[in-house]
Amino acid sequence: MRSSLALLLCAGLVACGMPATRPDAPAGPPGTGLYTQSFGNTPARQVRTLIVVLHGDAPATKPDYHYAFARAAADAVPNSIAVALLRPGYEDPQGHRSPGERGQTTGDNYTPDRIAAVAETIRHLQHRYGQARTVLVGHSGGAAIAADLAATWPNLVDGIVLVSCPCALPEWRKHMKTVAPTPLWDAPVDSLDPVKLVGGMPPSLRAAVLVGGDDKTTPLRFSRLYAEALSLRGIATDFRIVPGKDHELLGDPEVISALQRLAAALPGKS
């Protein structure tokens with residue numbers, strides 16, 4: 001699976017959007033070395049929306065499906081650059097790798113050090129695209145990291161798009177033990193629980209939360225709970241259940257539409 005832990009539940013590659021408009025050579029910021037691929041042909045000084053994309057936990061595969069989403073995102077959002085990022089410790093099928101430890105992929109790798117590595121990558125990109133608003137898109141375990149980052153690095157990003165999120169971490173791990181029984185689900189973790197951190201988010205943040213109606217890996221109750229917590233915090237939240245869709249939702253047109261709506265609603269940089 002290219003996201004959080006359904007082990008043998010996913011199959012096939014996610015295909016979405018148009019070919020890359022301008023893939024850059026990989027470049028990670030000094031000190032993190034996280035691997036990135038950038039898509040879009042907008043000159044740096046004209047970029048108004050920086051989109052950063054995080055893949056899921058991918059316990060049984062080497063993820064690259066987030067590159068396809070980044071291509072589609074760059075085509076769909078005007079004056080944007082989309083950057084697909086390999087999370088710490090992950091390798092893609094082409095052999096590119098980000099430094100760090102991947103972990104057991106049992107909800108154990110949403111830790112402060114990994115979140116900080118992603119945050120430093122975003123800060124590096126923001127220096128390059130100084131007039132851009134930043135939207136962080138995460139799928140499955142990447143959505144948990146995006147949510148944790150938005151709370152623990154307040155004001156670093158302007159919007160988040162969470163897809164198939166395990167956003168209530170202990171409850172989700174209990175659920176996954178019934179899906180893929182193993183003692184690893186009982187091991188303590190240092191990961192941050194997104195729903196417990198909502199109080200640290202700035203109310204100015206905008207959010208979109210999407211989940212497939214037939215998602216067996218991160219059932220919709222976890223996304224609904226998180227979306228309700230965001231709304232109670234006063235954060236403008238676009239919550240969507242996509243009927244008939246399963247966990248591999250990132251390539252769905254509904255996600256691109258949600259990203260377009262969120263990007264259009266963000267105020268410009270002064």
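The structure this text deals with has already been given above.
To keep things clear, this report deals only with the structure shown in the data block. (Residues numbered from 1 in each chain as written. Predicted model: local features only at pLDDT ≥ 70, side-chain atom pairs only at ≥ 80, totals over all residues. Heavy atoms only, no water.)

If you check which residues of helix H4 (residues 169–179) are buried, you get Leu169, Trp172, Arg173, His175 and Met176. Summarising the axial view, the buried residues of H4 lie within an arc of 160 degrees, below the 170-degree limit, and thus occupy one face. H4 presents Lys174 and Thr178 as exposed residues on the side facing more than 90 degrees away from its buried surface. On its buried side, H4 packs onto helix H5 (220–232). (Buried < 20%, exposed > 50% of the residue type's maximum accessible area, 1.4 Å probe, protein only. Helix = DSSP H or I, 4+ residues; strand = E, 2+ residues; numbered from the N terminus. Arc of directions from axis to C-beta. Contact = heavy atoms within 4.5 Å.)

Right, let's talk about the state of the cysteines for a bit. The full count for this structure, using the stated rule, is one disulfide. The disulfide partner of Cys165 is Cys167, and the S-S distance across this bridge is 1.9 Å. Residues Cys165 and Cys167 are joined by a disulfide whose S-S torsion is about 85 degrees; by sign, that bridge is right-handed. We note that Cys165, like Cys167, is buried. (Disulfide = S-S within 2.5 Å.)

Applying the stated criterion across every chain, the model contains seven salt bridges. Taking the shortest distance from any N to any O, the salt bridge between Glu120 and Arg123 comes out at 3.4 Å. On the criterion of helical spacing, the pair formed by Glu120 and Arg123 is a turn pair, its members being three residues apart in helix H2 (residues 112–128). Residue classification places Arg123 among the partly exposed positions, given a relative accessible area of 44%. Here Arg240 makes a salt bridge to Asp238, at a shortest N to O gap of 2.6 Å. Linked through salt bridges whose partners overlap, the residues forming this network are Asp238, Arg240 and Arg261. (Salt bridge = Lys/Arg side-chain N within 4 Å of Asp/Glu carboxyl O.)

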